[in-house]
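Per-entry structural report
Here's the letter readout for the chains.
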Amino acid sequence: MPDRTSPASARPTLEAIAQEASVSLSTVSKVLNGRPGVSAATRDRVERLLHRSGYARRGLDPERGGMVEVVVEDIQSEWSIEILRGVERITRENGLVLALSVLGDHHGVGDEWIAGVLQRKPLAVVLQFSHLTATHRRQLRTRNIPVVVVDPAGDPPADMAAVGATNWAGGVAATRHLLALGHTRIACVSGPTELMCSRARTAGYQSALAEAGIAFDPALTAVGRFGQADGERAGSRLLSLPDRPTAVVAANDMQALGVYDAAAALGLRIPEDVSVVGFDDVRPALWARPPLTTVRQPLQEMAEEATRLALRMRTGEAEATRIELATSFVERSSTATPAGRPAA
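Here the residue index of a chain counts from 1 through its sequence in written order. pLDDT decides what is reported in this predicted model: residues at 70 or higher carry local features, side-chain atom pairs at 80 or more are listed and counted, and totals for whole chains, interfaces and linings draw on all residues regardless. Only hydrogens and water are removed before side-chain values are computed, so all heavy atoms of the structure are retained for them.

1. Concerning the overall build of the chain
Of the regular secondary structure elements, the chain holds 12 helices and 12 strands. Taking all 344 residues of the chain together, the buried fraction comes to 53%. The contact rule is simple, with two residues in contact once any of their heavy atoms fall within 4.5 Å. Within the chain, contacts between residues separated by at least 24 positions form 71% of all contacts whose residues are at least 6 apart in sequence. Roughly 15100 Å² of accessible area belongs to the chain as shown, and the carbon and sulfur atoms make up 53% of that amount. Segments assigned H or I by DSSP are reported as helices when at least four residues long, segments assigned E as strands when at least two residues long, and all are numbered from the N terminus. The classification of residues rests on relative accessible area computed with a 1.4 Å probe and restricted to protein chains. Under 20% of the type maximum is buried, over 50% is exposed, and intermediate values are partly exposed. Per-residue and other accessible areas follow the Shrake-Rupley method at a 1.4 Å probe size, with only the shown protein chains counted as cover for residues.

The following block contains the structure:
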């Protein structure tokens, strides 16, 4: 029997895959396009053959659909809004359309979302935090829908492109700033521990303390989601300690603004009684009173770079890679020398 896929320059045809899977061509087409009407066992068999054969929908008109899909957790999040701004800028520059999926408060996508993507056929996907299963990655790769993760939740597999920031260095910079002002009792409000960015920022805080010869005190740490209410709850506990901290490093700006609320409820002034540093530099950080000292994470630039990379991967101009953009420290008015200590 002749080898239908032997020429190096040829890719296997859908007819050949249908014959090998012992199904009709229309069944293969349904699987490829994410349509219903195929049993789970048959769908899995066809998916594996598509992947094993190296089938990919390359060479298609790049204007087809003209859409880049961005996946975020919370459309009301300032973090997500900055990501959307970045993706929108690159799609607009390239004459493409932005499509939006909102996952809710978790860090993974499910079969329902994958099925929808296969039907929508975007040119590329940009994911916030989220991870994909090996099966999902295989399904998207077979259809030449490249995926890039922005600020990944964990350590992505080698075949997953990702764009992040220097979170550890940002945590170090925030803590060093407070140490330089004379603070020695510095609290930390961490983000969700399952997120790699949270762990890296907290590790930077701990490293800066160790560098200054200050022992890490678990009583001065709190963990919460990346929301203002979580920051307020953590701040209320930390600032109510008998020997309260004179400064707080928060894992993001919204948590830091929650610490503002906690301080106000306890009759404490910022920065006279407690200094506060955030992370991200989203717009509310500048609008706060006093304006928030923070670590700038280049969120829009990260999203822009992720979108460019995904589009280059689509055309075969780039492979899956990891990119890390630098954070920078932004000093405003929410930090000062500790009360009772003269300014340097």
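2. Examining the pattern of salt bridges
Salt bridge, as used here, is a side-chain nitrogen of Lys or Arg placed within 4 Å of a carboxyl oxygen of Asp or Glu. Summed over the entire model, instances satisfying the criterion amount to 21 salt bridges. Between Glu194 and Arg225 there is a salt bridge, with the nearest N and O atoms lying 3.0 Å from each other. Residue Glu194 is found in the loop between strand E6 (186-190) and helix H8 (196-211), and its partner Arg225 is found in the loop between strand E7 (221-223) and helix H9 (228-239); the two are separated by 31 residues along the sequence. On the accessibility criterion, Glu194 (39% relative accessible area) is partly exposed. Within the structure, one salt-bridge network assembled from shared partners comprises Arg89, Glu93, Glu304, Glu305, Arg308 and Arg312.

3. Here's the deal with the sheet that holds strand E11 (residues 322-325)
Reading across the sheet, the six strands line up as E2-E1-E3-E4-E5-E11 and stay open at both edges, with parallel pairing between neighbours. The sheet is open, and its two edges are formed by strand E2 (97-102) and E11, each paired on a single side. Between one strand and the next, the sheet's axes are offset by a mean angle of 20°, whatever the strand orientation. Axis definition: a line fitted to C-alpha atoms, over the contacting stretch in the case of helices. Angles run 0 to 180 degrees between N-to-C directions. Where helix H5 (residues 111-120) meets the sheet, its contacts fall on strand E1 (67-72), E2 and strand E3 (124-128), and the angle it forms with E1 comes to roughly 165°. At least two bridges found by DSSP between two strands are what make those strands a pair.

4. Remarks on the packing of aromatic side chains
Planes of paired rings set the category: under 30 degrees apart is stacked, over 60 is edge-to-face and the rest tilted, where pairs are Phe, Tyr or Trp rings (Trp by its six-membered ring) whose centres lie within 6.5 Å. With the rule as written, the count across this model stands at one aromatic pair. Each ring, one from Tyr205 and one from Phe216, has its centre 6.4 Å from the other, and the planes form 80°; the classification is edge-to-face. Separated by 11 residues along the polypeptide, Tyr205 in helix H8 and Phe216 in the loop between H8 and E7 bring together distant segments of the chain.

5. Side note on the packing of H5 against helix H6 (residues 134-142)
Between H5 and H6, the shortest axis-to-axis distance is 11 Å and the interhelical angle comes to 0°. Of the possible angle classes, the one that applies to H5 and H6 is roughly parallel. Mapping the contact onto sequence places Asp111, Ile114, Val117 and Leu118 in H5 and His136, Gln139 and Leu140 in H6. The classification used treats Ala, Val, Leu, Ile, Met, Phe, Trp, Tyr, Cys and Pro as nonpolar, Asp, Glu, Lys and Arg as charged, and all other residues, Gly among them, as polar. Partitioning the contact of H5 with H6 into residue classes produces four nonpolar, two polar and one charged. Our angle categories are set so that under 35 degrees counts as roughly parallel, over 145 as roughly antiparallel, 65 to 115 as roughly perpendicular, and the remainder as oblique.

6. Points about H9
The terminal C-alpha atoms of H9, which comprises 12 residues, lie 16 Å apart, in line with the 16 Å expected from a rise of 1.5 Å per residue. When we look at burial in H9, the residues that qualify are Asp230, Gly231, Ala234, Gly235, Leu238 and Leu239. Along the axis of H9, the buried residues cluster in a sector spanning 145°; they form a single face. For H9, the elements touching its buried residues are E6, E7, strand E8 (247-250) and helix H10 (253-265). A helix is expected to reach a length of 1.5 Å times the quantity of its residues less one. Each C-beta atom gives one direction from the helix axis, and the arc is the one those directions make.

7. Quick look at the pairing of E1
Within E1, six of the six residues are buried, which leaves it mostly tucked inside the rest of the structure. A two-sided burial pattern is seen for E1, the buried positions comprising Met67, Glu69 and Val71 on one face and Val68, Val70 and Val72 on the other. Sheet analysis places E1 next to E2, joined by six bridges and oriented parallel. What sits directly across from Val72, in E2, is Val102. For E1 and E3, the ladder comprises four bridges, and the chain directions are parallel. When the sheet's bridge partners are listed, Val70 is paired in E3 with Val126.

8. Focus on the pairing of strand E4 (residues 147-150)
Burial of the side chains of E4 extends over both faces: Val147 and Val149 are buried on one face and Val148 and Val150 on the other. Note that E3 and E4 share four bridges and pair parallel. Across the sheet, Gln128 pairs through a bridge with Val150, a residue of E4. Bridge count for E4 against strand E5 (residues 161-165) is three bridges, and the pairing is parallel. Considered in E5, the bridge of Val148 is made with Ala161.

Interpretation note: all reported values are geometric properties and have no functional meaning in isolation.
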